[in-house]
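A closer look at the structure
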Amino acid sequence: MKIAIASDHGGYEMKEAIKQHYQECDILDLGTDSTDSVDYPDFAKKMALTLFTKKADLGILICGTGVGISIAANRYKGIRAALIYSTEVAKLAKQHNNANVLVFGGRTMAVDDVINSIDTFMQSEYEGGRHQRRLDKIEDTEL
Ligand code: RB5
């Protein structure tokens, strides 16, 4: 599985810590590249394009709280970005939501908790069934 990662300045240090932890894996880094102020919607867009063009199968996004970049990412069709705040939520984000982007708050979460959540998500399986019906309804939404 190919993983892409991106953050704004509020998530930069967490992004680097995640990359460091998974240095054996080939993670595609979409930026940002420093703690200089940037706009999180630009990195949500880069992630959406990366997943849409199948350059990665799973995305990890980080901003200060995870809220802004979640809102931005979920505007794109096919993106199911889940703001993760515990290992239980990480497990359910796979089992029930088949999330394809994990979102974390760089200023609100500890690195160890983020790593444990990523590991838990990766070890979990999507359950399909009634959950697929609900995901289909999300994809069908047009207003
Ligand atoms: C940037 O200062 C901050 O607003 C951003 O990282 C994020 O927390 C927004 O939701």
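Look above for the structure.
To keep things clear, this report deals only with the structure shown in the data block. Predicted model, so just to flag it, every value in this text is computed and none were measured.

What counts and how
- Residues numbered from 1 in each chain as written.
- Predicted model: local features only at pLDDT ≥ 70, side-chain atom pairs only at ≥ 80, totals over all residues.
- Heavy atoms only, no water.
- Near = heavy atom within 4 Å.
- Polar contact = N/O pair within 3.5 Å; in protein donor to acceptor, adjacent residues only side chain to side chain.
- Areas by Shrake-Rupley, 256 points an atom, 1.4 Å probe, with all protein chains shown as cover.
- Nonpolar A, V, L, I, M, F, W, Y, C, P; charged D, E, K, R; others polar.
- Salt bridge = Lys/Arg side-chain N within 4 Å of Asp/Glu carboxyl O.
- Helix = DSSP H or I, 4+ residues; strand = E, 2+ residues; numbered from the N terminus.
- Buried < 20%, exposed > 50% of the residue type's maximum accessible area, 1.4 Å probe, protein only.
- Contact = heavy atoms within 4.5 Å.

Focus: the site of the ligand
By nearness alone, every residue bordering the ligand is listed as Asp8, His9, Tyr40, Cys63, Gly64, Thr65, Gly68 and Arg107. Here an oxygen atom of the ligand and a backbone polar atom of glycine 64 are 2.7 Å apart. Note that an oxygen atom of the ligand is positioned 3.0 Å from one of the backbone N or O atoms of threonine 65. Considering the ligand on its own, with 290 Å² of exposed area, one finds that the protein chains cover 71% of that surface. Among the residues forming the shell around the ligand, the class breakdown is two nonpolar, four polar and two charged.

Examining the pattern of salt bridges
For the structure shown, the criterion picks out seven salt bridges. Here lysine 19 makes a salt bridge to glutamate 16, at a shortest N to O gap of 3.3 Å. In this pair, lysine 19 and glutamate 16 are both assigned in helix H1 (residues 12-21), three residues apart and thus about one turn of the helix distant. Assessed through its relative accessible area of 24%, lysine 19 is described here as partly exposed. What makes glutamate 16 partly exposed here is its relative accessible area of 26%. Across the pair glutamate 88 and lysine 91 runs a salt bridge, and its minimum N-O distance is 3.5 Å. Here lysine 91 and glutamate 88 lie together in helix H4 (residues 87-95), a separation of three residues that amounts to about one turn. Given a relative accessible area of 42%, glutamate 88 falls into the partly exposed group.

Here's the deal with the environment of aspartate 119
Among the structural elements, aspartate 119 can be located in helix H5 (residues 111-123). C-alpha separation for the pair aspartate 119 and serine 34, spaced 85 residues apart in sequence, amounts to 26 Å. Here the side chain of aspartate 119 touches tyrosine 22 through a polar contact of 2.7 Å, side chain to side chain.

Examining the side chain of serine 124
Mapping serine 124 onto the fold places it in the loop between H5 and helix H6 (130-140). A distance of 2.7 Å separates the side chain of serine 124 from the backbone oxygen of threonine 120, its partner in a polar contact. Apart from the residues within four sequence positions on either side, serine 124 is in contact with Lys91, Lys94 and Gln95.

With respect to the environment of threonine 50
Structurally, threonine 50 is set in helix H2 (residues 40-52). Exposure remark for threonine 50: the relative accessible area of 8% places this residue in the buried category. For the pair threonine 50 and leucine 28, spaced 22 residues apart in the sequence, the C-alpha separation amounts to 9.5 Å. Those residues in contact with threonine 50 that lie beyond four places of it in its chain are Ala4, Leu28, Leu30, Lys55 and Ala56.

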